[in-house]
Amino acid sequence: MSATARTAAPMPDDIRGMKGDVPIVSLTAYTTPMARMMDEHCDFVLVGDSVGMVLHGLPSTLGVTLDMMVMHGQAVARGLTKAMLVIDMPFGSYEEGPAQAFANAAKIMGQTGAAAIKLEGGAYMAETIAFLVQRGIPVMAHIGLTPQSINTLGGYKVQGRADQAEVLANDAQAVADAGAFAVVLEKIPANLADRITAQIAIPTIGIGASSRCDGQILVVDDMLGLFTAFKPKFVKRYAALAQTGEAAIAAYAAEVRARAFPAAEHMFSDAVPSGHAEQSTLK
Ligand code: KIV
């Protein structure tokens, strides 16, 4: 399936079917305008819990709540017609066990219209993944660097080097066998990502993994150069919107202080327009 051929949003099974086909394109989004910008171009859009760091200024994803995910999920849903919507389960909303995960995943899907949820974790999450999938909740898994576990992983390090490679390969197999329709591979060596991509029957979505993964994802604020607190090595900046935006704000501030803005064309006269009255406060 290519982005130009899409007329309606794919379903999780369609994404699964793209394994080994044209690369799957995805980005994160948190707002309606961003979702609209990427709808034509992405196969799926993820409301990532990265929202906590890039939009809310939190130090990690650990403080993100279910209500935040629902609110941003609803906003993104309003901007999508062609890309599939996936929403992250936030920290603490699924790890207790299958029943807790089902209740919260059902809330996210029911209140946003998302087609699937994503959760972090490998073999130890397999039981929960199977439970959700059997009850109608498509699951995207996420292994490798799992940011919700930074306190036990010891930071945002590359995962799966040396003897950990085997563990991650087993994790990938376990989530695939449990019924996940795709798996995000974050910050792992390229040759391990290639091995996993060849080994499992579901698409791998790389972020800091390998160009040979079945698809790629980036945090949109990273690739647009909007989030500049730090830049992981795996991020390519396709724009520098923070710089452009700050320059625009500085120009506005200077014009306001110089009384150059608003100019005549931005103000209203007291003459009643002939023909029709002014229609809207937006005009
Ligand atoms: O939260 C997020 O944005 C993610 C992606 C980086 C995969 O999980």
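### Section: the overall build of the protein chain
Logical step 1: For the protein chain, the count of helices and strands is 11 helices and 8 strands.
Logical step 2: In terms of overall dimensions, the protein chain has C-alpha extents of about 75 × 35 × 35 Å along its principal axes.
Logical step 3: The proportion of buried residues among the 283 residues of the protein chain is 49%.
Logical step 4: Just so you have it, the protein chain exposes about 14000 Å², and 58% of that area is on carbon and sulfur atoms.

### Examining the pattern of salt bridges
Logical step 1: Tallied over the entire structure, the rule returns 7 salt bridges.
Logical step 2: For the salt bridge of Arg212 with Asp194, the shortest nitrogen-to-oxygen distance reads 2.7 Å. Note that Arg212 is positioned in the loop between strand 7 (204-207) and strand 8 (215-218) and Asp194 in helix 9 (residues 190-199), a separation of 18 residues in sequence.
Logical step 3: Judged by its relative accessible area of 55%, Arg212 is exposed.

### A word on the packing of helix 4 (residues 66-77) against helix 5 (residues 98-112)
When two helices pack together, their arrangement is given by the angle between the helix axes and the distance between those axes.
Logical step 1: The contact between helix 4 and helix 5 brings their axes to 9 Å, and the two run at 30°. Considered as vectors, helix 4 and helix 5 are oriented roughly parallel to each other. Crossing of helix 4 against helix 5: the hand is right-handed. Packed against helix 4, whose contacting residues are Leu66, Asp67, Val70, Gly73, Gln74 and Ala77, the element helix 5 presents Asn104, Lys107, Ile108, Gln111 and Thr112 at the interface.
Logical step 2: Of the residues in the contact of helix 4 with helix 5, the class split is 4 nonpolar, 5 polar and 2 charged.

### Observations concerning the packing of helix 5 against helix 6 (residues 126-134)
Logical step 1: Remark: helix 5 packs on helix 6, axes separated minimally by 9 Å, with the N-to-C direction vectors making an angle of 45°. When the axes of helix 5 and helix 6 are compared, the pair comes out oblique. In the packing of helix 5 onto helix 6, the handedness of the crossing is right-handed. When helix 5 is examined against helix 6, the residues Pro98, Ala99, Ala101, Phe102 and Ala105 are found in contact with a partner set consisting of Glu127, Thr128, Phe131 and Leu132.
Logical step 2: By residue class, the composition of the contact of helix 5 with helix 6 is 7 nonpolar, 1 polar and 1 charged.

### Here's the deal with the nonpolar core
Logical step 1: Within the largest apolar cluster, 80 residues are counted, with the highest numbers of intra-cluster contacts made by Phe44, Ile117, Leu119, Ile129 and Leu185.
Logical step 2: Per-element accounting of this core gives the leading share, 7 residues, to helix 8 (residues 164-178).

### Comments concerning the site of the ligand
Logical step 1: In the vicinity of the ligand, the contacting residues are Thr28, Leu46, Gly48, Asp49, Ser50, Asp88, Lys118, His142, Ile207 and Val219.
Logical step 2: Within the side chain of Lys118, an N or O atom sits 2.9 Å from an oxygen atom of the ligand.
Logical step 3: Contact with the protein chains covers 95% of the free accessible surface of the ligand, which is 260 Å².
Logical step 4: Taken atom by atom, the bulk of the ligand overlaps the largest pocket.

About the cut-offs
- Residues numbered from 1 in each chain as written.
- Predicted model: local features only at pLDDT ≥ 70, side-chain atom pairs only at ≥ 80, totals over all residues.
- Heavy atoms only, no water.
- Helix = DSSP H or I, 4+ residues; strand = E, 2+ residues; numbered from the N terminus.
- Buried < 20%, exposed > 50% of the residue type's maximum accessible area, 1.4 Å probe, protein only.
- Areas by Shrake-Rupley, 256 points an atom, 1.4 Å probe, with all protein chains shown as cover.
- Salt bridge = Lys/Arg side-chain N within 4 Å of Asp/Glu carboxyl O.
- Axes fitted to C-alpha atoms, helices over the stretch in contact; angles between N-to-C directions.
- Parallel < 35°, antiparallel > 145°, perpendicular 65-115°, else oblique.
- Left-handed = near helix turned anticlockwise from the far one by under 90°.
- Contact = heavy atoms within 4.5 Å.
- Nonpolar A, V, L, I, M, F, W, Y, C, P; charged D, E, K, R; others polar.
- Core = buried A, V, L, I, M, F, W, Y, C linked by side-chain atoms within 4.5 Å.
- Near = heavy atom within 4 Å.
- Polar contact = N/O pair within 3.5 Å; in protein donor to acceptor, adjacent residues only side chain to side chain.
- 1 Å grid on protein atoms, 1.4 Å probe; cavity = no way out; pocket = protein on both sides within 12 Å on 5 of 7 lines; lining within 4 Å.
- Sits in = over half its atoms within 2 Å of the grid points.

These figures capture arrangement, not role.
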